[in-house]
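Structural overview for review
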Amino acid sequence: MTTILHIDSSILGGYSVSRTLTAEIVAKQQALHPGANVIRRDLVADAAMHLSDAHMAVFQGGEVGNAALGQDLATGGAYVDELFAADIIVIGAPMYNFTIPTQLKAWVDRVCVAGRTFKYGANGPEGLVMGKKVFIASARGGVYTGDSPAAAMEHQESYLKGVLAFIGVTDVTVIRAEGLALGEDAKGAAIAGAKAEIEALAA
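Quick look at the structure, then. Just so you know, the residues in each chain are numbered from 1, in the order the chain's sequence is written. Only residues with pLDDT of 70 or above have their local features reported here, since the model is predicted, and side-chain atom pairs are shown and tallied only from 80 upward, although totals for entire chains, interfaces and linings are computed over all residues. For side-chain calculations, the full set of non-hydrogen atoms in the structure is used, while hydrogens and water are omitted.

In this text, helices come from DSSP runs of H or I with a minimum length of four residues, and strands from runs of E with a minimum of two, each type numbered from the N-terminal end. Each helix and strand counted, the protein has six helices and seven strands in total. In the protein, the succession of α and β elements from N to C terminus is β-α-β-α-α-β-α-β-β-β-α-β-α. The principal-axis extent of the C-alpha atoms belonging to the protein is close to 55 × 40 × 40 Å. Think of it in three bands: residues with accessible area under 20% of the maximum for their type are buried, residues over 50% are exposed, and the middle band is partly exposed, with areas taken using a 1.4 Å probe on protein chains only. Evaluated residue by residue, the protein yields a buried proportion of 43% over its 203 residues. Residues are treated as being in contact if the distance between any of their heavy atoms lies within 4.5 Å. Sequence-distant contacts in the protein: of pairs separated by 6 or more residues, those separated by 24 or more amount to 76%. Accessible area of the protein: about 9800 Å², with a carbon and sulfur share of 56%. Each charge class in the protein can be summarised by its mean position, and for the 15 positive and 21 negative side chains these summaries are 3 Å apart. All accessibility values rest on the Shrake-Rupley procedure with a 1.4 Å probe; residue burial counts only the protein chains present in the view. Only four residue types enter the tally: Lys and Arg on the positive side, Asp and Glu on the negative side; His and the chain ends are excluded. A charge is said to be at NZ when it belongs to Lys, at CZ for Arg, at CG for Asp and at CD for Glu.

Between side chains of opposite charge, a pair can form as their charged atoms come close. We define a salt bridge as a contact between a side-chain nitrogen of Lys or Arg and a carboxyl oxygen of Asp or Glu at a distance within 4 Å. Within the structure shown, the criterion is met by 16 salt bridges. Between aspartate 8 and arginine 40 there is a salt bridge, and its shortest N-O distance comes to 2.9 Å. Here arginine 40 lies in strand S2 (residues 37–42) and aspartate 8 lies in strand S1 (residues 3–8), a separation of 32 residues in the sequence. Of the residues examined, aspartate 8 reaches a relative accessible area of 2% and is grouped as buried. One salt bridge in this structure joins glutamate 24 and lysine 195, with 3.4 Å as the shortest N-O distance. Highlighted residues: glutamate 24 in helix H1 (residues 17–32) and lysine 195 in helix H6 (residues 184–200), separated in sequence by 171 residues.

So, on to H1. The first and last C-alpha atoms of H1 sit 23 Å apart over 16 residues, in line with the 22 Å expected at 1.5 Å per residue. All of the buried residues in H1 are Val17, Ser18, Arg19, Leu21, Thr22, Ile25, Val26, Lys28 and Gln29. In this structure, the buried residues of H1 make contact with S1, S2, strand S3 (88–94), strand S6 (133–140), strand S7 (171–178) and H6. By this rule, a helix spans an expected 1.5 Å times one less than how many residues it contains.

As a further point, take unusual backbone geometry. Located in the positive-phi region is asparagine 97, a residue other than glycine, with phi close to 50 degrees. With phi around 80 degrees, phenylalanine 98 is a residue other than glycine that occupies positive phi space. Locating phenylalanine 98 in the fold gives a position in the loop between S3 and helix H4 (102–111).

A word on the nonpolar core. Grouped burial of nonpolar side chains is what soluble globular proteins tend to show. Among the nonpolar cores identified, the biggest contains 27 residues, and Leu104 and Trp107 are the most heavily contacted of them. Listed by contribution, the elements that provide at least two residues to this core are S1, helix H3 (67–85), S3, H4, S6, helix H5 (157–166) and S7. Broken down by element, the residue count for this core peaks at four residues, all from H4. Apart from the residues lying within four places of it in its own chain, the contact partners of leucine 104 are Ile7, Ser9, Leu43, Ile91, Gly92, Ala93 and Leu160. In this structure, Ile4, Ala137, Ile175 and Ile198 belong to the second largest nonpolar core, which totals 19 residues. Remark: nonpolar core denotes a set of buried residues (Ala, Val, Leu, Ile, Met, Phe, Trp, Tyr, Cys) joined through side-chain atoms within 4.5 Å.

The structure is reproduced here in structure tokens:
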């Protein structure tokens, strides 16, 4: 049975374009893979802590100092388990200040684990997460593609794709809606274009 990991990170709730797109991508994948199991992670409603000195102490063999830290460490472990369990991963990634939301960065920090999702060998780092298909639902107010003067400020899609490749995931499709802050016509066209891409997905 196919397992889909559905991750959202937008703070905008029902107003979020990335959440709208992830929902449609997941629905399309369910249609393509009848009976698929969906694992849902809303990184805003159920946010992980950011890494701290207390986390690092535990990673180095220290004691878990309190119940909240223990629960958070368990959540981080579940993130890794879900990553390995999934065949298809759908990530909602809006752009905030030229990069991904901190909620999504916290997830990245928990799934990039030496010895589990990557290792260092004689030839450098080697990803250990294989055979996954990822869809990134990208939403951003400006335009960062092509010859846009803002292209050099794009550290959202490029960062996520780089991180995923680092842990071994290279089959990545970006469904993008950009220019969302450039007026209602531009916003409508961007969303319609992204939805058309989702509808055209064959796998």
